[in-house]
There are 6 protein chains.
Amino acid sequence: MKIAIYPGTFDPITNGHLDILDRAVKLFDKVIITIARNPSKDPLFSEEERLDMIREAVKHYSNVEVDSFEGLLVEYARSKKASAIVRGLRAISDFEYELQMALMNRKLDGTVETVFLMPNEKYTYLNSSIVREISRYGGDVSEFVPPMVRVSLDREKRMKKST
Amino acid sequence: MKIAIYPGTFDPITNGHLDILDRAVKLFDKVIITIARNPSKDPLFSEEERLDMIREAVKHYSNVEVDSFEGLLVEYARSKKASAIVRGLRAISDFEYELQMALMNRKLDGTVETVFLMPNEKYTYLNSSIVREISRYGGDVSEFVPPMVRVSLDREKRMKKST
Amino acid sequence: MKIAIYPGTFDPITNGHLDILDRAVKLFDKVIITIARNPSKDPLFSEEERLDMIREAVKHYSNVEVDSFEGLLVEYARSKKASAIVRGLRAISDFEYELQMALMNRKLDGTVETVFLMPNEKYTYLNSSIVREISRYGGDVSEFVPPMVRVSLDREKRMKKST
Amino acid sequence: MKIAIYPGTFDPITNGHLDILDRAVKLFDKVIITIARNPSKDPLFSEEERLDMIREAVKHYSNVEVDSFEGLLVEYARSKKASAIVRGLRAISDFEYELQMALMNRKLDGTVETVFLMPNEKYTYLNSSIVREISRYGGDVSEFVPPMVRVSLDREKRMKKST
Amino acid sequence: MKIAIYPGTFDPITNGHLDILDRAVKLFDKVIITIARNPSKDPLFSEEERLDMIREAVKHYSNVEVDSFEGLLVEYARSKKASAIVRGLRAISDFEYELQMALMNRKLDGTVETVFLMPNEKYTYLNSSIVREISRYGGDVSEFVPPMVRVSLDREKRMKKST
Amino acid sequence: MKIAIYPGTFDPITNGHLDILDRAVKLFDKVIITIARNPSKDPLFSEEERLDMIREAVKHYSNVEVDSFEGLLVEYARSKKASAIVRGLRAISDFEYELQMALMNRKLDGTVETVFLMPNEKYTYLNSSIVREISRYGGDVSEFVPPMVRVSLDREKRMKKST
């Protein structure tokens, strides 16, 4: 059985992430979408909130597992018996950072391969940070994120205002 | 069974191509490495010579098939029941052309996914055209191509000289 | 009255070109879409065929003129009293070439400004050469070009076969 | 009347910004240069100081308005009846970020078009942050900014020292 | 005598930096590797620790000097009578930033030339920040840094844990 | 004595090439500017014409030698006892090709180092092919090339017309 890991911060998960996940699901027997915990980052949503949003968005897949981890990605992949790490490629700036990470991961563990997939071109320039920014200024993000994420962004905004 | 296509001109096949093939072989149940015939190109080696060099270089794999085709890649992939097209990503210039082709292929047939793999960094800047150029000027290409290709390049050079 | 020039080879015109033209039409009082004749290129369609296809595709605009020219773009722009040259920006490789041409044109005539517009993201990776290639191999190009261009590409293909 | 918005942080305004503004002024009937307030950024100059520096630098134009705003750029543009957003394109890193913002703005409001202009090549690698850094270390910035900005940077430096 | 400056943050020095230094040493009569003090950055290692690690790593060169400075690089270079600044070029993102800095330095002092060298391709994607990250998560960095740096990173990690 | 090679096609030599040469001259004791003969290219100017134009343009340097060669650059460099190959870096597209060539040359001979220099930003987008194109269409190239090259381009143009 070929297992793939799809790691990210997912703060929050977007339709672009889900597009990549959907492609990975067709190529591998099982895909583990997993939040990389990073103590030095200060996310908008807590780990638990992010996990909930992902679980809701992927519940129609039978071969997708939702998880989180801390530490080296390759060690996590090994513990999950994964043969591949899935990453989306959208723009040049992605490209260089992703290749750097992939090469480093390969040096740390040569048995897990990084596989790059391309999202639908309508998600080419979509990322979590621009979604957070549009939402903060009251823009409509329903084209960019699954429904539950839109609801969570709206709630977050109201809480900010009331404080 | 997950089948992948690895298409190219392979004029000639290099160690960079073989590095990508080796990674694909671990991810898929079967990989078909296939020469895309292009009537408007004038290759150094004939299709038959290129097929022979590939066959020699991949003979130790049990799940690799060697083939050639003309026409639309996605139609070829469909006829082979492939779920993926494998491409190597080395440099920015690759990146843009490869994404363009992948998007076009996806538009023409949404069921076959393009999967990008990254070669070992020692092949980052290697391609068939630079191998042909080094060989033409008498440089040593044994680090860049499998043995049979080196022999063929040497023979080619001697034939050029004698005419 | 602000006049803009939209120059290109248009061999053939694609929906990506028409998307850029449509944006330019809203920004300028008049747009001249013009074929740059290049004696050293060997186009698939004759200049007259390309002009016909453009005229058909833009006939619903009242402020678009169709033309062709040979020589320096800036001299042509001056003769048309244009204040801007319109160019589409899709990818990095475009970007550098376009900036080079824009800088050179500015050095040759500082009074005409190059204005870059971005096509709809669904045309990000579309260009005339890939359309010709898909058509040659029998692929369906109706998503990429206006109807008359599709008809012309089909006719071209039948003529190739019958010879 | 065609109105364009030229938004930015302008912390401080540089000769590169003024070069782009000068090109926009020739293409549009009116240009509104506007500071995008960003609560999460900590600028060197206050909004009022930045507005003063811009006002001084653009006072010789009759069709330039100076303003500031908070919130979504497209909503601001709509409130100003602008048909275009003007952005300068200098380098590859600009290019990707600018295209991302332009695409997002287009999704949020399809009626306002982002127009990219290219500064004089002598400003290719100039930006506000490098100007602040050179000034902090006592370098001469008079080639990069208008006179009043140079004076303000010097004053800022003396204040830092005296504290 | 041709003197070159090799400036950086070196937090910590990596085998990639040492590869560039080794190339510079062969081209110039003397190379000064120098830490650029930046009050607004918060490095992992103190200046003194970084200087110690560099001194240990370069002690086998007779024509390398180790130093640190604050302020404008070109003024430092002038005070050292250097005719060149050495920089390594690995990736596109480097490329743009490095050209920007080189152009600015040239404007500030036209007598010192920036010289770009390319590291061995095995260091293409190596930088100090990725080394710090791998070390923090317990990964093995011995392939990426000289021995003393590995020891210092391990000590740093133990101190973090014990607090 | 440090010797550098500055290789190119120089069809024709431009002010951008001369800008790079001038920087190299200050860094090395001797610079050999040399035409790489390429039998598969069809240059506008003959090798002898190109050598004449270069000789005229560099005659005021005492430490510049003008030459031409065929074959592998690294073998030529070795025969000239050069320790460096000088290349100009202007744009991203240069960057990738230049790094590829530099890496290949290093693999073929590790003793000669490729050194990248950056031209004045006013030559960022200048190259020989654009100069030939502007001249062919009657544009003024006197800002881009030395006087003798302008004269040669004019003569070439008159000859084309009279045939």
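Reading guide: rules and limits
- Residues numbered from 1 in each chain as written.
- Chains lettered and ligands numbered in written order.
- Predicted model: local features only at pLDDT ≥ 70, side-chain atom pairs only at ≥ 80, totals over all residues.
- Heavy atoms only, no water.
- Helix = DSSP H or I, 4+ residues; strand = E, 2+ residues; numbered from the N terminus.
- Rg over C-alpha atoms; globule rule 2.2 N^0.38 Å.
- Buried < 20%, exposed > 50% of the residue type's maximum accessible area, 1.4 Å probe, protein only.
- Contact = heavy atoms within 4.5 Å.
- Areas by Shrake-Rupley, 256 points an atom, 1.4 Å probe, with all protein chains shown as cover.
- Lys, Arg positive; Asp, Glu negative; His and termini not counted.
- Charge placed at Lys NZ, Arg CZ, Asp CG, Glu CD.
- Buried area = accessible area lost by both parts, 1.4 Å probe.
- Salt bridge = Lys/Arg side-chain N within 4 Å of Asp/Glu carboxyl O.
- Polar contact = N/O pair within 3.5 Å; in protein donor to acceptor, adjacent residues only side chain to side chain.
- Nonpolar A, V, L, I, M, F, W, Y, C, P; charged D, E, K, R; others polar.
- Arc of directions from axis to C-beta.
- Least-squares fit on C-alpha atoms with pLDDT ≥ 70 in both.
- Pairing = 2+ DSSP bridges.
- pLDDT = per-residue confidence, 0-100.
- Phe/Tyr/Trp six-rings, centres within 6.5 Å; stacked < 30°, edge-to-face > 60°.
- Lys NZ or Arg CZ within 6 Å of the ring centre and 35° of its normal.
- Core = buried A, V, L, I, M, F, W, Y, C linked by side-chain atoms within 4.5 Å.
- Expected span 1.5 Å × (residues − 1).

### Focus: the overall build of chain A
And step 1. A count of helices and strands for chain A gives 6 helices and 5 strands.
And step 2. Here the C-alpha atoms of chain A give a radius of gyration of 16 Å, agreeing with the 15 Å that 2.2 N^0.38 yields for 163 residues.
And step 3. With respect to the principal axes defined by its C-alpha atoms, chain A has extents near 50 × 30 × 30 Å.
And step 4. Burial statistics for chain A: of 163 residues in total, 60% are counted as buried.
And step 5. Here the contacts in chain A between residues at least 6 apart in sequence split such that 76% fall between residues at least 24 apart.
And step 6. Of the roughly 6,900 Å² that chain A leaves accessible, carbon and sulfur atoms contribute 49%.
And step 7. For chain A, the centre of its 25 positive side-chain charges and the centre of its 25 negative side-chain charges are spaced 1 Å apart.

### Details of the environment of Ser83(F)
And step 1. For Ser83(F), the location among the structural elements is in the loop between helix 3 (73-79) and strand 4 (84-88).
And step 2. C-alpha separation for the pair Ser83(F) and Ile20(F), spaced 63 residues apart in sequence, amounts to 17 Å.
And step 3. Here Ser83(F) is in contact with Leu27(E), Lys2(F), Ile3(F), Thr111(F), Val112(F) and Glu113(F), once residues within four sequence places are set aside.

### Some details on the interface of chain A and chain B
And step 1. Tallying the contact residues gives 27 residues for chain A and 27 residues for chain B.
And step 2. For the pair chain A and chain B, the two sides together bury roughly 2,400 Å², of which 65% comes from carbon and sulfur.
And step 3. Across the contact surface, chain A and chain B share 4 salt bridges.
And step 4. Across the contact surface, chain A and chain B share 11 residue pairs in polar contact (both at pLDDT 80 or more).
And step 5. Put simply, the parts of the chain that give the side of chain A that touches chain B at least two residues each are helix 1 (15-27), helix 4 (92-108) and strand 5 (113-117) of chain A.
And step 6. With 8 residues, the single largest contributor to the side of chain A that touches chain B is helix 4 of chain A.
And step 7. Here the residues of the side of chain A that touches chain B are counted per class, giving 15 nonpolar, 3 polar and 9 charged.

### Focus: the environment of Glu121(E)
And step 1. Position of Glu121(E) relative to the elements: it lies in the loop between strand 5 (113-117) and helix 5 (128-136).
And step 2. Using a relative accessible area of 8% as the deciding quantity, one classes Glu121(E) as buried.
And step 3. Residues Glu121(E) and Gly16(E), 105 residues apart in the sequence, show an inter-C-alpha distance of 9.5 Å.
And step 4. If we ignore the near neighbours within four places in the chain, the residues touching Glu121(E) are Glu121(B), Lys122(B), Leu103(F) and Lys107(F).

### A closer look at helix 5 (residues 128-136) of chain D
Residues and elements named next belong to chain D.
And step 1. Residues Ser 128, Ile 130, Val 131, Ile 134 and Ser 135 constitute the buried set of helix 5. End-on, the buried residues of helix 5 take up no more than an arc of 165 degrees, which puts them together on one face.
And step 2. By the N-cap criterion, in which a side-chain oxygen at the helix start approaches the backbone nitrogen of a residue two or three places on, helix 5 is capped by Asn 127, the distance to Ser 129 being 3.2 Å.
And step 3. Two residues or fewer after helix 5 comes Gly 138, characterised by a positive phi angle close to 85 degrees.

### Side note on the relation of the copies chain A and chain B
And step 1. Rotating chain A by 180 degrees about the axis while translating it 0.0 Å along that axis superimposes it on chain B, leaving an RMSD of 0.0 Å. In the structure described here, the two chain copies are related by an operation that fits a two-fold rotation axis. When each C-alpha of chain A is compared by its distance to the rotation axis, Phe116(A) comes out closest, at 2.4 Å.
And step 2. A symmetric contact is evident, with 100% of the interface residues of chain A recurring at the interface of chain B.

### Some thoughts on the environment of Ser62(A)
And step 1. With respect to the helices and strands, the residue Ser62(A) is situated in the loop between helix 2 (47-58) and strand 3 (64-69).
And step 2. With 31 residues separating them in the primary sequence, Ser62(A) and Val31(A) have C-alpha atoms 9.9 Å apart.

### A closer look at the pairing of strand 1 (residues 3-8) of chain B
Successive side chains on a regular strand alternate, one facing one side of the sheet and the next facing the other.
All names here are of chain B.
And step 1. Within strand 1, 6 of the 6 residues are buried, which leaves the element mostly enclosed by the surrounding structure.
And step 2. The side-chain alternation of strand 1 yields two buried faces, one formed by Ile 3, Ile 5 and Pro 7 and the other by Ala 4, Tyr 6 and Gly 8.
And step 3. Pairing analysis gives 6 bridges linking strand 1 to strand 2 (residues 30-36), with the strands arranged parallel. Bridging across to strand 2, Ala 4 finds its partner in Val 31.
And step 4. Where strand 1 lies against strand 4 (residues 84-88), 2 bridges are found, and the strand directions are parallel. Pairing of Ile 5 across the sheet is with Ile 85, part of strand 4.

### Here we look at the confidence of the model for chain A
And step 1. A residue-level look at chain A finds 98% of positions with pLDDT of 70 or above and a mean pLDDT of 92.
And step 2. Two numbers describe this predicted complex: its pTM, 0.91, and its ipTM, 0.90.

### Comments concerning the packing of aromatic side chains
And step 1. Applying the stated criterion across every chain, the model contains 12 aromatic pairs over all chains.
And step 2. Relative to Tyr76(C), the ring of Phe69(C) lies with its centre 4.4 Å away and its plane at 15 degrees, an arrangement referred to as stacked. Here Phe69(C) and Tyr76(C) have matching classes, each one buried.
And step 3. Over the ring of Tyr137(F) we find Arg136(F); its NZ or CZ atom is 5.4 Å from the centre of that ring.

### Structural notes on the nonpolar core
And step 1. The biggest cluster of nonpolar side chains holds 106 residues, and the ones touching the most others in it are Leu21(C), Phe28(C), Ile33(C), Val58(C), Leu21(D), Phe28(D) and Ile33(D).
And step 2. Not counting residues within four places of it along the chain, the set of residues in contact with Val58(C) comprises Leu18(C), Leu21(C), Val64(C) and Val66(C).
And step 3. Residues Ala24(A), Val131(A), Ile33(B) and Val141(B) belong to the second largest nonpolar core, which totals 91 residues.

### Details of helix 1 (residues 15-27) of chain F
Residues and elements named next belong to chain F.
And step 1. Taking 1.5 Å as the rise per residue, helix 1 with 13 residues should run 18 Å; its terminal C-alpha atoms sit 19 Å apart, in good agreement.
And step 2. Among the 13 residues that make up helix 1, 11 are buried, leaving the element largely enclosed by the rest of the structure.
And step 3. When we look at burial in helix 1, the residues that qualify are Asn 15, Gly 16, His 17, Leu 18, Asp 19, Ile 20, Leu 21, Arg 23, Ala 24, Val 25 and Leu 27.

### Some thoughts on the side chain of Arg106(D)
And step 1. Here Arg106(D) shows up in helix 4 (residues 92-108).
And step 2. With sequence-adjacent residues up to four places away left out, Arg106(D) is seen in contact with Arg23(C), Met118(C), Pro119(C), Asn120(C) and Glu113(D).

### Observations regarding the pattern of salt bridges
All names here are of chain A.
And step 1. This model, assessed by the stated rule, comprises 114 salt bridges over all chains.
And step 2. Linking Asp 11 and Arg 132 is a salt bridge whose minimum nitrogen-to-oxygen distance equals 3.5 Å. Of the two residues, Asp 11 sits in the loop between strand 1 (3-8) and helix 1 while Arg 132 sits in helix 5 (residues 128-136), which places them 121 residues apart along the sequence.
And step 3. For Asp 11, a relative accessible area of 6% puts it in the buried group.

### Quick notes on the side chain of Asn15(D)
Residues and elements named next belong to chain D.
And step 1. Residue position: Asn 15 is located in helix 1 (residues 15-27).
And step 2. On the basis of relative accessible area, Asn 15 is assigned to the buried category, the value being 16%.
And step 3. Polar side-chain contacts of Asn 15 include one of 3.1 Å to the backbone oxygen of Glu 143.

### A closer look at unusual backbone geometry
The phi torsion of most residues other than glycine is negative, and most of the peptide bonds are trans.
And step 1. Omega for the peptide link from Asp11(A) to Pro12(A) comes to 0 degrees, which places this bond in the cis form.
And step 2. Mapped onto the elements of the fold, Pro12(A) is located in the loop between strand 1 and helix 1.
And step 3. Residues other than glycine seldom take positive phi values, yet Phe10(B) does so here, at roughly 50 degrees.
And step 4. Looking at the element boundaries, Phe10(B) is found in the loop between strand 1 and helix 1 (15-27).
And step 5. Note on Phe10(B): relative accessible area 3%, which makes it buried.
And step 6. With a phi close to 60 degrees, Lys81(F) is a non-glycine residue in the positive phi region.
And step 7. Along the chain, the position of Lys81(F) falls in the loop between helix 3 and strand 4.
And step 8. Among the residues examined, Lys81(F) registers a relative accessible area of 67% and is labelled exposed.

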